[in-house]
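If you want the building blocks of each chain, they are given just below.
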Amino acid sequence: MDKLKIAIVCDWLTVFAGAERVVLEMHQLFPNAVIFTSLYNKKAFPGLANAEVRESILRLIPFARHFHRLFLPWMPLVFERMDLSGFDLVISSSHSAAKGIVTKPETLHVCYCHSPMRYVWDQSHRYQNQFRSFSSLRFLTQPILHRIRLWDRVAADRVDRFISNSAYIAARIQKYYKRESTVIHPPVDLGTFSLGKEHGEAYLAVGRLIPYKRFDLVIDAAKKTGIRLQIVGEGPELAKLKRRAKGADIEFLGKISDSELRRVYQNAKALIFPQQEDFGIVPLESMACGTPVLAYKAGGALETVQEGVSGLFFEEQTSESLVKAIRKFEKKEWDPSTVAKSVQDFSSSRFRTELLHFLESAWKEYEAMLR
């Protein structure tokens, strides 16, 4: 692998979240690899300070890094314009258009797929319903999404090998792209997130304050049960959620550093995870700190949370179902060390080892095919 010219391609590097953490791990595995992306916010990625990052032509548009989602209709063209002809191995980290790059026949393209494009496949109707105030524009958005959907299906055929971040996503890749994939779970930073000494009485919710994360559900459940709740994160739903939380013991902590987040995890009684995620790094961070999770029984949480050991599930995405889970949780004793041990197999070193072995095997097969 040391002899190969390697490129890493990702959708965008504007905020540091789960998908971006995977890119950082790839960079640490291949520090000399060139990184291609649509938009890049250097301040948000100190871990890429020594990397060669090539940003697309979108960088020339004022404020584009703050509103990257507005450029979705042009993302297919942006990635198809990227010149990757000088590389032997290209690794795309994609939940949007990055997998649509065009490579030479002698270049192996491996896609680490976080999800097929959510907004054009199974969640397209939900995304449109979240923006009802723009319903008059649907006659424009629906044809655009249709065209992107067709492009996304064609783009998936350009990938030589797929890696999925969970069994849940592997099933979606098979459904929409008709492709097999190998599951390699994303890593949790066990060096940063570790077992604390004591846990407090506050419940916790962490993430971007956007509709599908369902913070509204957590707030309603907190008001019904009277629990103390802390919410970490920022986003467009902040003002709306603060109004909803009035009269309850709910504290909004905003965006905080990883060291502060670790302390909050360690002091929490439990993390509430009400959304359906493709995988979900937040529950792993919480459990690594010894804090159990109350999770909606769907998506990637089914592969990380162990019922009765590291947390509990609630069956329906309703405040009533969550209230039942909270009351059940309150009746059980939880061992923080047992909770922390349950996620030891999700370390960064495990991720890098599995990814490297996969790429080595895939390259040997591809090289033999080209001979």
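Located above this text is the structure these notes cover.
None of these values were measured; they are calculated from a predicted model. (Residues numbered from 1 in each chain as written. Predicted model: local features only at pLDDT ≥ 70, side-chain atom pairs only at ≥ 80, totals over all residues. Heavy atoms only, no water.)

**A few points about the packing of aromatic side chains**
Inference 1: Applying the stated criterion to the full structure yields ten aromatic pairs.
Inference 2: With 5.7 Å between their ring centres and 75° between their planes, F16 and F45 make a pair best called edge-to-face. Of this pair, F16 sits in the loop between strand 1 (6-10) and helix 1 (18-29) while F45 is found in the loop between strand 2 (34-37) and strand 3 (53-55), placing the two residues 29 residues apart along the sequence.
Inference 3: Each ring, one from F193 and one from Y265, has its centre 5.6 Å from the other, and the planes form 75°; the classification is edge-to-face. (Phe/Tyr/Trp six-rings, centres within 6.5 Å; stacked < 30°, edge-to-face > 60°. Helix = DSSP H or I, 4+ residues; strand = E, 2+ residues; numbered from the N terminus.)

**Overview of the sheet that holds strand 4 (residues 89-94)**
Sheet strands associate in pairs through backbone hydrogen bonding, adopting either a parallel or an antiparallel arrangement.
Inference 1: Spatially, the seven strands line up as an open sheet ordered 3-2-1-4-5-6-7, and their pairing is parallel. The sheet is open, and its two edges are formed by strand 3 and strand 7 (182-183), each paired on a single side.
Inference 2: Across three bridges, the pairing between strand 2 and strand 3 is parallel. Each bridged residue has a counterpart across the sheet, and for T37 the counterpart in strand 3 is E55.
Inference 3: Of the strands in this sheet, strand 1, strand 2, strand 4 and strand 5 (108-113) are in contact with helix 1, which crosses strand 4 at around 160°.
Inference 4: Relative to the sheet, helix 5 (residues 167-177) contacts strand 5, strand 6 (161-164) and strand 7, its axis offset from that of strand 6 by approximately 140°. (Pairing = 2+ DSSP bridges. Contact = heavy atoms within 4.5 Å. Axes fitted to C-alpha atoms, helices over the stretch in contact; angles between N-to-C directions.)

**Overview of the sheet that holds strand 12 (residues 293-296)**
Inference 1: Strand order in this open sheet of six strands is 10-9-8-11-12-13, and the pairing throughout is parallel. The sheet terminates laterally at strand 10 (250-254) and strand 13 (311-314), the two strands that pair on one side only. Shown here is a sheet whose adjacent strand axes are inclined to one another by a mean of 25°, direction ignored.
Inference 2: As defined by bridge partners, strand 12 adjoins strand 13 across four bridges and the pair is classed as parallel. Looking across to strand 13, one finds that L294 is bridged to L312.
Inference 3: The strands touched by helix 8 (residues 258-267) are strand 8 (203-206), strand 9 (229-232), strand 10 and strand 11 (270-273); relative to strand 8, the strand with the most contacts, the crossing angle is about 145°.
Inference 4: Its contacts with the sheet place helix 9 (residues 281-288) against strand 8, strand 11 and strand 12, and it is angled at close to 170° to strand 11.

**A closer look at the packing of helix 6 (residues 215-225) against helix 10 (residues 319-330)**
Inference 1: Look at helix 6 against helix 10: their axes get within 9 Å of each other, and the N-to-C directions meet at 55°. By the angle between their axes, helix 6 is oblique relative to helix 10. The hand of the helix 6/helix 10 crossing is right-handed. On helix 10, the residues that touch L217, V218, D220, A221, K224 and T225 of helix 6 are S319, E320, L322, V323, I326 and R327.
Inference 2: Looking at side-chain class alone, the contact of helix 6 with helix 10 contains six nonpolar, two polar and four charged residues. (Parallel < 35°, antiparallel > 145°, perpendicular 65-115°, else oblique. Left-handed = near helix turned anticlockwise from the far one by under 90°. Nonpolar A, V, L, I, M, F, W, Y, C, P; charged D, E, K, R; others polar.)

**Some points on the nonpolar core**
Inference 1: Judged by nonpolar contacts, the single largest core of 38 residues is most densely connected at V9, F36, F79, L84, M117 and F162.
Inference 2: Elements represented by at least two residues in this core include exactly strand 1, strand 2, helix 2 (75-80), strand 5, helix 4 (138-156) and helix 5.
Inference 3: If we ignore the near neighbours within four places in the chain, the residues touching V9 are F36, F79, M82, L84, V90, I91, S92, S93, A98 and I101. (Core = buried A, V, L, I, M, F, W, Y, C linked by side-chain atoms within 4.5 Å. Buried < 20%, exposed > 50% of the residue type's maximum accessible area, 1.4 Å probe, protein only.)

**A few points about a nonpolar patch on the surface**
Inference 1: Where nonpolar side chains cluster on the molecular surface, the patch consists of F63, F67 and L70 and spans about 380 Å² of accessible area.
Inference 2: With respect to the helices and strands, the residue L70 is situated in the loop between strand 3 and helix 2. (Patch = residues over 30% accessible without salt bridge, like charges linked within 9 Å, V, L, I, M, F, W, Y side chains within 5 Å. Areas by Shrake-Rupley, 256 points an atom, 1.4 Å probe, with all protein chains shown as cover. Salt bridge = Lys/Arg side-chain N within 4 Å of Asp/Glu carboxyl O.)

**Here's the deal with the side chain of K213**
Inference 1: Secondary-structure assignment places K213 in the loop between strand 8 and helix 6.
Inference 2: Among the polar contacts made by the side chain of K213, one reaches the side chain of Y212 at a distance of 3.3 Å.
Inference 3: Not counting residues up to four positions away in its chain, the partners in contact with K213 are R208, P274, Q275 and E277. (Polar contact = N/O pair within 3.5 Å; in protein donor to acceptor, adjacent residues only side chain to side chain.)

**Section: helix 8**
Inference 1: Within the sequence span of helix 8, burial applies to L261, V264, Y265 and Q266.
Inference 2: Where the residues of helix 8 are buried, they touch strand 8, strand 9, strand 10, strand 11 and helix 9.

**Considering the pairing of strand 5**
Inference 1: Burial of strand 5 is extensive: six of the six residues sit out of reach of the surface.
Inference 2: Pairing between strand 4 and strand 5: six bridges, direction parallel. Along strand 5, the bridge assignment pairs L89 with L108.
Inference 3: Of the strand pairs in this sheet, strand 5 and strand 6 are connected by four bridges, and their pairing is parallel. Bridge pairing in strand 6 links C111 to F162.

**Focus: the pattern of salt bridges**
Opposite charge on two side chains makes pairing possible when the charged atoms of those side chains draw close.
Inference 1: Taken as a whole and judged by the stated rule, the model has 20 salt bridges.
Inference 2: Where E285 meets R21, a salt bridge forms, and the shortest distance between an N and an O atom there is 3.6 Å. Taken together, the positions of E285 in helix 9 and R21 in helix 1 put the pair 264 residues apart, joining distant regions of the chain.
Inference 3: Note on R21: relative accessible area 10%, which makes it buried.
Inference 4: Bridged by salt links that share partners, the residues R118, R172 and D278 form one connected network.

**Let's talk about helix 12 (residues 348-370)**
Inference 1: With 23 residues, helix 12 should cover 33 Å at 1.5 Å per step; its first-to-last C-alpha distance of 33 Å lies within 8% of that length.
Inference 2: Buried positions along helix 12 lie against helix 1, strand 4, strand 5, strand 6 and strand 7. (Expected span 1.5 Å × (residues − 1).)

Shape is all these values report; function is a separate question.
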